[in-house]
Amino acid sequence: MSHPQRKAVALVSGGLDSMLAAKVIQEQGVHVEGINFYTGFCVEGHTHAIRRKDQGKEKRNNALWVAEQLGMKLHIVDIVEEYKDVLLNPKHGYGANMNPCLDCKIFMVHKALEWADSHGFDFIITGEVVGQRPMSQRKDTMPVVARESGAMDRLLRPLCAKNLPATLPEREGWVKRDELFDFSGRSRKPQMALAAQFGFTDYATPAGGCCFLTDEAYSRKLVDLWQVRGKRAYELDDIMLLKVGRHLRPRPHFKLIVGREEGENNFLEGYRKQFLHLRPISHPGPLVLIDGAANEDDIRLAARITARYSKGNSAPLVTVQVTDLQGDNRMLEVPPLPPGEIPEAWYL
Amino acid sequence: MSRHQLDARRLLCPLPVIRTQDKVAQLRPGDVLEVVCTDPGALNDIPAWCRINGHQVLETRREEGEVIVEIEVGDEP
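None of these values were measured; they are calculated from a predicted model.

Peer 1: Mind laying out the environment of A:His110, listing which residues take part and the relevant values?
Peer 2: Residues and elements named next belong to chain A. Mapped onto the elements of the fold, His-110 is located in helix H5 (residues 101-119). According to the C-beta neighbour criterion, His-110 is partly exposed, with 16 such atoms within 10 Å. Between the C-alpha atoms of His-110 and Asn-97, which are 13 residues apart in sequence, the distance is 24 Å. When residues no more than four places from it in sequence are discounted, the contact partners of His-110 are Ser-149 and Gly-150.

Peer 1: Quick one: what's the story with helix H1 (residues 15-24) of chain B, residue by residue and with numbers?
Peer 2: Burial of H1(B) is extensive: seven of the ten residues sit out of reach of the surface. Taken together, the buried positions of H1(B) are B:Leu15, B:Pro16, B:Val17, B:Ile18, B:Thr20, B:Gln21 and B:Val24. Looking at the buried positions of H1(B), the neighbouring elements they touch are strand E2 (31-38) and strand E3 (74-78) of chain A together with strand E1 (3-8), strand E2 (32-37) and helix H2 (42-53) of chain B.

Peer 1: How would you summarise the sheet that holds strand E11 (residues 329-334) of chain A if you had to cite specific residues and measurements?
Peer 2: Residues and elements named next belong to chain A. Strand order across the open sheet formed by six strands is E6-E7-E9-E8-E10-E11, with antiparallel pairing between neighbours. Bordering the open sheet on either side are strand E6 (246-251) and E11, each of which pairs with just one other strand. Here the strands of the sheet are splayed against their neighbours by 25° on average, with no regard to which way each runs. Pairing analysis gives four bridges linking E6 to strand E7 (residues 254-258), with the strands arranged antiparallel. Its bridge partner being in E7, Leu-248 is matched across the sheet by Leu-256.

Peer 1: With reference to specific residues and values, describe the interface of chain B and chain A.
Peer 2: Taken together, the contact between chain B and chain A spans 17 residues of the former and 18 residues of the latter. Its residues assigned to classes, the side of chain B that touches chain A comprises nine nonpolar, four polar and four charged.

Peer 1: How would you explain unusual backbone geometry if you had to name every residue and give the values?
Peer 2: Between B:Cys13 and B:Pro14 the backbone carries a cis peptide bond, its omega angle lying at 15°. Considering the arrangement of structural elements, one finds B:Pro14 in the loop between E1 and H1. If you check the backbone angles, A:Met152 has positive phi at about 50° while not being a glycine. Mapped onto the secondary structure, A:Met152 falls in the loop between helix H6 (142-149) and strand E5 (155-156). Look at B:Arg10: it is not a glycine, yet its phi comes out positive at around 65°. Position of B:Arg10 among the secondary structure elements: in the loop between E1 and H1. The class for B:Arg10 is partly exposed, based on 15 C-beta atoms found within 10 Å.

Peer 1: How would you explain the nonpolar core if you had to name every residue and give the values?
Peer 2: In a soluble, globular protein the nonpolar side chains are often hidden away together inside. Residue and element names in this part refer to chain A. Counting residues in hydrophobic clusters, the biggest one holds 72 residues, and the most contacted among them are Ala-8 and Ile-124. Broken down by element, the residue count for this core peaks at ten residues, all from H5. With residues near it in sequence (within four places) discarded, Ala-8 still touches Ile-25, Val-30, Val-32, Phe-121, Asp-122, Phe-123, Ile-124 and Ile-125. Core analysis: the second largest hydrophobic core is formed by 39 residues, Cys-42, Leu-225, Met-240 and Ala-307 among them.

Peer 1: I'd like a description of the environment of B:Val57, backed by residues and values.
Peer 2: Residue and element names in this part refer to chain B. Its place among the elements puts Val-57 in strand E3 (residues 56-63). Residues Val-57 and Gly-74 lie 17 residues apart in sequence; the distance between their C-alpha atoms is 10.0 Å. Beyond its immediate chain neighbours, meaning those up to four positions away, Val-57 contacts Pro-47, Cys-50, Val-69 and Ile-71.

Cut-offs and rules
- Residues numbered from 1 in each chain as written.
- Chains lettered and ligands numbered in written order.
- Predicted model: local features only at pLDDT ≥ 70, side-chain atom pairs only at ≥ 80, totals over all residues.
- Helix = DSSP H or I, 4+ residues; strand = E, 2+ residues; numbered from the N terminus.
- Buried ≥ 20, exposed ≤ 12 C-beta atoms within 10 Å, placed from the backbone.
- Contact = placed C-beta atoms within 7 Å.
- Pairing = 2+ DSSP bridges.
- Axes fitted to C-alpha atoms, helices over the stretch in contact; angles between N-to-C directions.
- Nonpolar A, V, L, I, M, F, W, Y, C, P; charged D, E, K, R; others polar.
- Core = buried A, V, L, I, M, F, W, Y, C linked by C-beta atoms within 7 Å.

Pasting the structure below:
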């Protein structure tokens, strides 16, 4: 009697581990499709897209690239809105920065489970490896992910399955347990050896993870945003702007976002109607957004900082155009603020 | 066959791909969708998404800082 081909949905980040996990299960004759979640905090693509200096680099979305290498479909799911609750109220807390890794993994596996159930898929695959990550990939937290996501024994981690109790796909014979792996720890050597075995020579090796929330400087800017607003909340535009420019808070009630180069200035242009903004006229220089309620003294200070980051930073006076929220322009002639008068504490 | 347009300007990847994916899901096989983006990454990502999901890229071009990708929706759901 022939059995229907079993179907698995693989969480695909674009990195090597999830690529290998999907490949291992494909090799066992299972139909695999990928799923990739967009939280708004994904490093993938954004900074390269914005910064001019990166625009010569090849731009590829690694999750799409992995799917193409493996000959499988990829479904990219926008979870920006739902993800807010994960970040703002993580049941299991944060990692070293604002990264709620364990809650994030539980949430993503749960969303993959929902997708699997609504598309007639049998089980879920991740590239997790026991002991690889300090928060979400530990021997004691892996059962938590399976349990709290609701996936239970339909969650298979092919790269470390032999270190864990047999899951449904293994017990039912949909996959052969002895053809799965027992990787553990932070060493990447077993993964690299398996990649070589499959003939994968080109794969993403993201330094510092694929999420801005693991980044200390980004987390600091996010916390600052919440403190100043008096509430822990954000919109997509907020978290995009935290990725761009120099952020300075000269006074508690306003901050400046200073474009660092042409690509960032172009990106900030898209937000100019939402913010009072400044740009030097007499010299080339950055577009600067003011986030907050700035009074006349504040605007003058912002103009001096704008002048400081312009090509006229050693000129006695720089003309800075100030544009208000109605789009009305006026000019200020200001001396650039000397670097020594910009305290380190202003930089976020 | 009908023609459709999607404005994905000022969105950074993968959002143009996600918007394309969601729009294509509402279209019928043979329909043509023109996606207009400002993120140059879309020039690689939307065709890659089309290749793995069975849709045909009819044309990609750059026009005045914009990237335009024209897609014919494939037969697969």
